[in-house]
Amino acid sequence: MATVEISAREAEVLALVGEHLSNAEIGARLFISVRTVESHVSSLLRKLEVPDRRALAQRASEPAHTDRSHPAPVLPAPLTSFIGRKLERAELTEMVKNDRQVTAVGPGGVGKTRLALTVAAELAEEYSDGVWFVDLVPITSPDISVVAGTVGLALGLGEQPGRGMDESVLAALADRHALLVLDNCEHVRDGVALFIERLLAACPRVTVLATSRARLMVPFERAYTVPPMSLAGDGESDAVALFMDRAAAGGWPPNHALREQVAAFCGGLDGMALAIELAAARWTTLGLDGLTDGLSDQLRMLAGGARTDDRHRSVRAALDWSHTLLEPDDRVLLRRLSVFMKSFTVAAAAEVTASEKGVVADGLARLAEQSLLVVIASPTGTQYRALETIRQYGMERLVEVGERDDVRSLHLRWCLAEAADLAVVRADWRARFDAVADDLRAALAWVADRPAQRAEAYGLARQLAELTFTRHLIGESQQRYEQAAALADEAAAASMFRQAAAVAGCRMRGDDMYRLNRAAADAAQRAGDTAGAAADLATAATNAYRFASKFVRTLPPEEAIALIAEARELAGDDQAAQAAVALAEAGRGLTEAFGAAEGASDDAVAETIARAERAVELAHRTGDPLAESAALDTLTGAQSWSGDAFAAAATARRRITLLASAPPTPTGTHELIDALGEATEAGLGVGDLPGARRWARQLADHPMLAEVGHRATSQLLVADALAGNVDEVLTRSARFLEAWQRSGRPTGSVLGAAVAGVGMIHGLRDDDDARREWAAVMDQLATPAEHTYGYRAVYDSMLLLHNGDAGEALGRMAPEPGEVWRWVTWVWLHWYVALRAEATVLTGSPDAADRLAEARTIVAGNPVAGAIVERAEALLTEDRERLLATADAFDAAGCRYQSARTRVLAGGDHAALGAAALADLGLAPMTTPRRS
């Protein structure tokens, strides 16, 4: 017989005729009308050329027709590709396989329907009798008969005399193995719940996958909360993939380089799928910058073009749908909660909405059930949060009904109490601050523009300034202190400006420090506090001297002199003001002496030291440890400039001790960070490597420097480079480089010693590529050429000596220390002198003995430099026992590299031990020096 073509539906009808079912039974089985069955039977009789139904049944029973195929799933065809959600698809699929009724729950626009359709399509082969999709949006009545009628129409069932549609559906599905997808159940929950309960009882092989903004609350329901699009992975996240795909559909694909910025933008949309799609649709007209600017008004921005569902034409339309379903009391609660920027507790909500806790708790539960609030379980209790689009929608409603100011005032009162509670730092402080920080900022933004509440605005600005400093958000802290100063009376304003100046110092913003010190002086004078103004003016001048490397603009000498003169005139007999003026004068004297081209005369040294000591004495009398710390800093500088490295180190340690109990205020923190750096350098200058590393470690670990790893690790890199701690240098230099690049590659000489030290270590490792990389970093720092005879001479000489080039090393340090005194004072004088003496011996210079005698006098008391000189003298006299004794001295001083170098220089069996020690450090073999 010739082959005939029959459709898939006709094949299904033929198979059921073979089972001797009536037309009505076939219609119920296939969810089609009896008339449609009759039409298919007539077509089969004609195509198969058989005389009657009995012959048709016989044909159906033939082997070629015994297996009934799976009917194709009856699902709407998606208009766009499905993006991401690998985890969600797997989780929801597993739940549908294991549970007969699963509800995908989530707010409007989160992507419930697309996820359900995708899972249903993937599961189609699991259900022999088909997969069916029912959209419940068109119906408005929660009556079970209306719900069942909509399901029946989707299944292709017609009305049957004497039987309700709910009964017809149950009869049709009684023995079917099918998956029923009920979409958008939230507005007819009662009818859907009753229908599903009956369906599951009567149809044991049917599974229901529902989507709803609220759980259906039926027996055996398993709820799956559909999360927003994943933001994990930043530029590679599902949210970014969705945005890029939908934006590309507009004909202008976003540049791949923008993915990180797109990730931040999608985070501002909370990863909501509908919001991302609507935003992507406006990519071609707004660009990423325009879209980002629109985040503050998402409801306006996320209004878009034609969509098959009116509710999804805009985010506002989707929220209108949800809002309409709420009870009046819940609408009131939702809009009043919109003042919260982040999560909140029941107690907080009750205070801000002026309601009883029990009433609020019930309302929050209902809003959460409607997916209008996210429930957050934490160790401290349950919290709630509205997604940003929902929060903005609630705020619009709050304004519409005229409640904004009243609710904002209650929110402000709550914020002030929270800020006051955060003044006490406990173990969970950071998490507590982060939870309310955005609320504090929002409350301040609102109240700052209300003159009648200026006092409250000032109080909150001051509290937020202090809290953000504790949280190490120092840029914001400076801003908040300045804001508080603008809101305060004159006396309080001066105090706020002083704190802001200290924060600017922590930020390395010297010009801001100067501006804010001057502003504090102006405010103090307006308040009648002339002594305070004098101290502020003097401090402005002092800071320009103490922290010159933090300034972009160098303070002209005549401007500094004028400041000090004015401060002296205003100081009167106030002890603190006089101490501040004395410190400014000492700083000016030190700066002028240091800048003198001819170097330091004995009279200049004595006068400079005397001024600094007087400043310390006056500051000590005030009883203010921070003022005394500033004076000790100047004294340390004067002692170092004079060449007395040990006195400078002792004063630096004294300063650290003084600050041990200083409060963690901006000024105290600024002083401590500076003191730790100064103590590290002073320790290196006198060969106290363990002490220097201890203070450098405290500096590297200081939480204020957590985000500026190049600043935090620079001093420790110098200490480790000089000690030969190779592994530590390699590890920390990676952090240094990453942080320096992230910060925009800042220039300035303050980082030069660390960069040059890392370069030296790579040179000792014979890693030329890495050394060139760090040399390029050094070039970008734009360090002064004078530093050629400071740390750069020391590092270059250490490397040259390691490679056996003693002559080149001596040439590198040819100038006498007195000729380059500015740049070999402080850290580098003893290193320069000691290495120069060793190079002199190794080159066989005739004046080696004189150089050694001079060097021994200069470095006396320095365990590392002293051991280098001692080693050089042992080499000169060929005293191996004396030479090897220096190896123990280097080990005791924490200088592993010099210890290994000593053994190589000793020769014989000791050389092998030294070479092994160098290899253990990760360094290349040392070349035995060539002696003339």
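Check the entry above for the structure.
Residues numbered from 1 in each chain as written. Predicted model: local features only at pLDDT ≥ 70, side-chain atom pairs only at ≥ 80, totals over all residues. Heavy atoms only, no water.

## Re the overall build of the protein chain
Line of reasoning, step 1. A count of helices and strands for the protein chain gives 46 helices and seven strands.
Line of reasoning, step 2. The C-alpha atoms of the protein chain give a radius of gyration of 40 Å, which is well past the 30 Å a tight globule of 932 residues would have.
Line of reasoning, step 3. Evaluated residue by residue, the protein chain yields a buried proportion of 53% over its 932 residues.
Line of reasoning, step 4. By sequence separation, contacts in the protein chain at least 24 residues apart represent 67% of the contacts at least 6 residues apart.
Line of reasoning, step 5. With an accessible surface of roughly 39,700 Å², the protein chain has 52% of that area assigned to carbon and sulfur atoms. (Helix = DSSP H or I, 4+ residues; strand = E, 2+ residues; numbered from the N terminus. Rg over C-alpha atoms; globule rule 2.2 N^0.38 Å. Buried < 20%, exposed > 50% of the residue type's maximum accessible area, 1.4 Å probe, protein only. Contact = heavy atoms within 4.5 Å. Areas by Shrake-Rupley, 256 points an atom, 1.4 Å probe, with all protein chains shown as cover.)

## Regarding the side chain of Ser899
Line of reasoning, step 1. As for its position among the elements, Ser899 is in helix 45 (residues 896-906).
Line of reasoning, step 2. With relative accessibility at 3%, the residue Ser899 sits in the buried group.
Line of reasoning, step 3. When sequence neighbours within four positions are dropped, the list of residues in contact with Ser899 reads Ala887, Phe890 and Asp891.

## Looking at the environment of Asp644
Line of reasoning, step 1. Assignment of secondary structure puts Asp644 in the loop between helix 30 (625-641) and helix 31 (645-659).
Line of reasoning, step 2. Placed 214 residues apart in sequence, Asp644 and Ile858 show a C-alpha to C-alpha distance of 9.6 Å.
Line of reasoning, step 3. At a separation of 3.1 Å, a polar atom in the side chain of Asp644 contacts the main-chain amide nitrogen of Ala647. (Polar contact = N/O pair within 3.5 Å; in protein donor to acceptor, adjacent residues only side chain to side chain.)

## Structural notes on the packing of aromatic side chains
The geometry of an aromatic ring pair comes down to the distance between the two centres and the angle between the two planes.
Line of reasoning, step 1. Applying the stated criterion across every chain yields a total of nine aromatic pairs.
Line of reasoning, step 2. Relative to Trp828, the ring of Tyr795 lies with its centre 5.7 Å away and its plane at 70°, an arrangement referred to as edge-to-face. Linking Tyr795 in helix 38 (residues 791-802) with Trp828 in the loop between helix 40 (821-824) and helix 41 (829-842), this pair joins segments that are 33 residues apart in sequence.
Line of reasoning, step 3. Judged by its relative accessible area of 2%, Tyr795 is buried.
Line of reasoning, step 4. Aromatic rings pair up to connect Phe340, Phe344, Tyr384 and Trp414 into one cluster. (Phe/Tyr/Trp six-rings, centres within 6.5 Å; stacked < 30°, edge-to-face > 60°.)

## Focus: the pairing of strand 3 (residues 178-183)
Line of reasoning, step 1. Within strand 3, six of the six residues are buried, leaving the element largely enclosed by the surrounding structure.
Line of reasoning, step 2. The alternating pattern of strand 3 places Ala178, Leu180 and Leu182 and Leu179, Val181 and Asp183 on opposite faces, both of which are buried.
Line of reasoning, step 3. Across five bridges, the pairing between strand 2 (residues 131-135) and strand 3 is parallel. In the strand pairing of strand 3, Val134 is matched with Leu182.
Line of reasoning, step 4. The pairing of strand 3 with strand 4 (residues 206-212) spans five bridges and is classified as parallel. Counted as the bridge partner of Ala178 is Val206 from strand 4.
Line of reasoning, step 5. At this point the chain moves from strand 3, through helix 9 (residues 189-202), to the parallel strand 4, and the crossover so formed is right-handed. (Pairing = 2+ DSSP bridges. Right-handed = clockwise from strand over helix to strand, strands pointing away.)

## Remarks on helix 9
Line of reasoning, step 1. With 14 residues, helix 9 extends 20 Å from end C-alpha to end C-alpha; this agrees with the ideal 20 Å at 1.5 Å per step.
Line of reasoning, step 2. Burial in helix 9 covers these residues: Gly191, Val192, Ala193, Phe195, Ile196, Leu199 and Leu200.
Line of reasoning, step 3. On the buried face of helix 9, the contacting elements are strand 1 (101-105), helix 7 (144-155), helix 8 (165-172), strand 3 and strand 4. (Expected span 1.5 Å × (residues − 1).)

## What about helix 7?
Line of reasoning, step 1. The terminal C-alpha atoms of helix 7 lie 16 Å apart, and with twelve residues this matches the ideal 16 Å at 1.5 Å per residue to within 8%.
Line of reasoning, step 2. Regarding helix 7, the residues found buried are Ile144, Val147, Ala148, Gly149, Thr150, Val151, Gly152 and Leu155.
Line of reasoning, step 3. Looking one or two residues past helix 7, Gly156 carries a phi angle of roughly 85°, positive in sign.

## Section: unusual backbone geometry
Line of reasoning, step 1. One non-glycine residue, Glu49, lies in positive phi territory at about 55°.
Line of reasoning, step 2. Looking at the secondary structure, you find Glu49 in the loop between helix 3 (34-48) and helix 4 (53-60).
Line of reasoning, step 3. Even without being glycine, Asn184 reaches a positive phi, approximately 65°.
Line of reasoning, step 4. With respect to the secondary-structure elements, Asn184 resides in the loop between strand 3 and helix 9.

## Quick look at the sheet that holds strand 4
Line of reasoning, step 1. Pairing within the open sheet is parallel, and its five strands lie in the order 2-3-4-1-5. Looking at which strands have only one partner, the edges of the open sheet turn out to be strand 2 and strand 5 (222-225). The mean inter-strand angle of the sheet, taken between neighbouring strand axes irrespective of direction, is 20°.
Line of reasoning, step 2. Summarising the sheet, strand 1 and strand 5 pair through four bridges and their orientation is parallel. Along strand 5, the bridge assignment pairs Val105 with Thr225.
Line of reasoning, step 3. Strand contacts of helix 7: strand 2 and strand 3, with the helix running at about 135° to strand 2, the strand carrying the most contacts. (Axes fitted to C-alpha atoms, helices over the stretch in contact; angles between N-to-C directions.)

## A short note on the environment of Val729
Line of reasoning, step 1. Note that Val729 resides in helix 35 (residues 726-742).
Line of reasoning, step 2. On the basis of relative accessibility, which here comes to 0%, the residue Val729 falls in the buried class.
Line of reasoning, step 3. For the pair Val729 and Trp414, spaced 315 residues apart in sequence, the C-alpha separation works out to 49 Å.
Line of reasoning, step 4. Val729 has contacts with Leu717, Asp720, Ala721, Val758 and Ile761, leaving out every residue within four places of it along the chain.

## Description of the packing of helix 35 against helix 36 (residues 752-764)
Relative placement of two packed helices is described by the angle separating their axes and the distance separating the axes.
Line of reasoning, step 1. The interhelical angle for the contact between helix 35 and helix 36, taken along N-to-C directions, is 130°, at an axis separation of 10 Å. Accordingly, the angle class assigned to the pair helix 35 and helix 36 is oblique. Handedness of the helix 35/helix 36 crossing: left-handed. Residue-level inspection shows Val726, Val729, Leu730, Ser733 and Phe736 of helix 35 in contact with helix 36, the latter providing Ala754, Val755, Val758, Ile761 and His762.
Line of reasoning, step 2. Residues belonging to the contact of helix 35 with helix 36 are distributed by class as follows: eight nonpolar, two polar and no charged. (Parallel < 35°, antiparallel > 145°, perpendicular 65-115°, else oblique. Left-handed = near helix turned anticlockwise from the far one by under 90°. Nonpolar A, V, L, I, M, F, W, Y, C, P; charged D, E, K, R; others polar.)

## Some details on the pattern of salt bridges
Line of reasoning, step 1. Under the counting rule described, the total for this entry stands at 56 salt bridges.
Line of reasoning, step 2. In this structure, Arg335 and Glu403 form a salt bridge, with 3.1 Å as the shortest nitrogen-oxygen distance. A residue pair is termed long-range when its members are at least 10 positions apart, and Arg335 in helix 16 (residues 328-337) and Glu403 in the loop between helix 19 (388-400) and helix 20 (404-421) qualify at 68 residues.
Line of reasoning, step 3. Salt-bridge contacts for Arg546 lead to Asp633; the nearest nitrogen and oxygen are separated by 2.7 Å. Linking Arg546 in helix 26 (residues 530-546) with Asp633 in helix 30, this pair joins segments that are 87 residues apart in sequence. (Salt bridge = Lys/Arg side-chain N within 4 Å of Asp/Glu carboxyl O.)

## Quick notes on the packing of helix 20 against helix 21 (residues 429-447)
Line of reasoning, step 1. As a packed pair, helix 20 and helix 21 sit with axes 9 Å apart at the nearest point and diverge in direction by 135°. Relative to helix 21, the element helix 20 lies oblique. As helix 20 runs across helix 21, the sense of the crossing is left-handed. On helix 21, the residues that touch Arg404, Asp405, Arg408, Ser409, His411, Leu412, Trp414, Cys415, Glu418, Ala419 and Asp421 of helix 20 are Arg432, Val436, Asp439, Leu440, Ala442, Ala443, Trp446 and Val447.
Line of reasoning, step 2. Here the residues of the contact of helix 20 with helix 21 sort into ten nonpolar, two polar and seven charged.

## Description of the nonpolar core
Line of reasoning, step 1. Among the nonpolar cores identified, the biggest contains 150 residues, and Phe243, Leu337, Phe344, Leu364 and Leu373 are the most heavily contacted of them.
Line of reasoning, step 2. Ala719, Ala721, Val794 and Trp831 belong to the second largest nonpolar core, which has 78 residues in total. (Core = buried A, V, L, I, M, F, W, Y, C linked by side-chain atoms within 4.5 Å.)

## Examining the state of the cysteines
Line of reasoning, step 1. In this structure the tally under the stated criterion is zero disulfides.
Line of reasoning, step 2. The structure places no disulfide on Cys185, whose sulfur is separated from the nearest cysteine sulfur, that of Cys203, by 17 Å. (Disulfide = S-S within 2.5 Å.)

## Quick notes on the side chain of Thr93
Line of reasoning, step 1. Turning to its location among the elements, Thr93 is positioned in helix 5 (residues 86-98).
Line of reasoning, step 2. Look at Thr93 and you get buried, because its relative accessible area is 13%.
Line of reasoning, step 3. For Thr93, the residues in contact, after removing those within four places along its chain, are Val119, Glu122 and Leu123.

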